[in-house]
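So you can see what is in the structure, the chains are spelled out below.
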Amino acid sequence: MTLTQDGPRSGAAGAPEKRGMNLTLRIWRQQGPTVKGKMVTYKVTDISPDMSFLEMLDVLNEQLILQGDDPVAFDHDCREGICGMCGVMINGMAHGPQQTTTCQLHMRSFKDGDTIDVEPWRASAFPVVKDLAVDRRAFDRIIQAGGYISVPTGTAPEAHATPVPKKDADNAFDAATCIGCGACVAACPNASSMLFTAAKVTHLGLLPQGQPERDDRVVNMVAQQDREGFGGCTNIGECSAACPKGISMETISRLNHDLLGALRAGARPKS
Ligand code: SF4
Ligand code: FES
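Just so we're clear, the structure is a prediction, and the values are computed from it rather than from any experiment. Starting afresh in each chain, residues are numbered from 1 along the sequence in its written order. Going through the entries in the order they are written, you letter the chains from A and number the ligands from 1. Since the coordinates come from a predicted model, pLDDT governs what is reported: local features require at least 70, and pairs of side-chain atoms require 80 or more to be given and counted, while whole-chain, interface and lining totals use all residues.

### Overview of the overall build of the protein chain
Heads up, the condition is: The way it works is that DSSP assigns letters per residue, a run of H or I at least four long becomes a helix, a run of E at least two long becomes a strand, and they are numbered from the N terminus. Each residue is classified by how many other C-beta atoms fall within 10 Å of its C-beta atom, where C-beta atoms are placed from the backbone; a count of 20 or more means buried, 12 or fewer means exposed, and values in between mean partly exposed. Throughout, a pair of residues is in contact if the C-beta atoms placed from their backbones lie within 7 Å.
The helix and strand tally for the protein chain stands at eight helices and nine strands. By the burial criterion, 36% of the 271 residues in the protein chain qualify as buried. Contacts in the protein chain between residues at least 24 apart in sequence constitute 69% of all its contacts with a sequence separation of at least 6.

Encoded structure:
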């Protein structure tokens, strides 16, 4: 039912106007990392097109809790597209049919009567914790391997003491918008983490502050992503197409350029 100046608006025969969508959800349920999972079918009704996808899952979970069933586990935090915690495969697409995060995907992207498949990220380096929640600590370990700069302590330097060309500042900023969601890995047929690693290498490698560790950074981060079991990059481009922040394939070219230069200069990964 919707409200007008004259009060509630009704359908043709006086019945309340129906706005919400009725949907069939087929959701991956898996009790734990070592337990076999399966798709389970649920129905949700009267879903507002203005809800986010996660709010729609909240509705389902309230329904499950009221029935005494186990709610569906999924990751989320900010629900504003900035933390990178959310992320599921929706109808086989990382974060669903729009190039955005799952928390920013609205139900208006679907139609009344749709059947929607919801699965966790599928990559051996991102093992399932429960249902739709996966363990993405492999990304943290790639950052620990080199995604930092050494910061001298002492008085803060004058803000304009280190000039940065505008183009470099803009490109570094674009790369820094990577939120570590993992959609690039989930979308890649090789489950490669190259776009994520390249975003971090590019962000720091373009700035003066990132120069002291530049060679060690790239060799150690690439070695760590291999150790974690991510696949190799074959330049397919699904990663960039699925990335909610539009991180470009150019960052991968920069990483490869930095990697070759570092290896030629004698940099080798820590064992
Ligand atoms: S590169 Fe894009 S898709 Fe990959 S982790 Fe960063 S924001 Fe997510
Ligand atoms: S919940 Fe933070 S990006 Fe989606």
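Right, picking up where we left off after that structure.
### Remarks on the sheet that holds strand S6 (residues 93–94)
Selection rule: Any two strands with at least two DSSP bridges between them are considered paired.
Strands sit in the order S4-S3-S7-S5-S6 across an open sheet of five strands; the sheet is mixed. Looking at the sheet topology across the chains shown, the edges are occupied by strand S4 (38–47) and S6. Here strand S3 (residues 21–29) pairs with strand S7 (residues 115–119) via four bridges, running parallel. In the strand pairing of S7, Arg26 is matched with Asp117.

### What about the site of ligand 1?
Definition in use: Any residue whose backbone-placed C-beta atom lies within 6 Å of a molecule or strand is treated as near that molecule or strand.
As a matter of local geometry, ligand 1 sits amid 14 residues, with Cys178, Cys181, Ala183, Cys184 and Cys243 nearest to it. Among the elements of the structure, helix H4 (183–187) and helix H5 (194–205) are those that each provide at least two residues to the shell around ligand 1. Sorting elements by how many residues they give to the shell around ligand 1 places H5 first, with three residues.

### Remarks on the nonpolar core
The condition is simple: We define a nonpolar core as a collection of buried residues of the types Ala, Val, Leu, Ile, Met, Phe, Trp, Tyr and Cys that are connected via C-beta atoms lying within 7 Å of each other. Where each domain starts and ends follows an automatic or database-derived domain assignment.
Ranked by internal contacts, the top residues of the largest apolar core, which has 60 residues, are Ala183, Cys184, Val185, Ala186, Ala187 and Leu195. Examining the composition of this core, we find that seven residues originate from one element, H5, more than from any other. Each of domain 1 (19–129) and domain 2 (136–149 + 165–264) contributes no fewer than three residues to this core.

### Structural notes on the domain arrangement of the protein chain
Quick reminder of the rule: For this classification, the nonpolar set comprises Ala, Val, Leu, Ile, Met, Phe, Trp, Tyr, Cys and Pro, the charged set comprises Asp, Glu, Lys and Arg, and every other residue, Gly included, is treated as polar.
Split into domains, the protein chain comes out as domain 1 (19–129) and domain 2 (136–149 + 165–264). Between domain 1 and domain 2, the contact holds 17 residues from the first and 16 residues from the second. Looking at the side of domain 1 that touches domain 2 residue by residue, the classes come out as eight nonpolar, eight polar and one charged.

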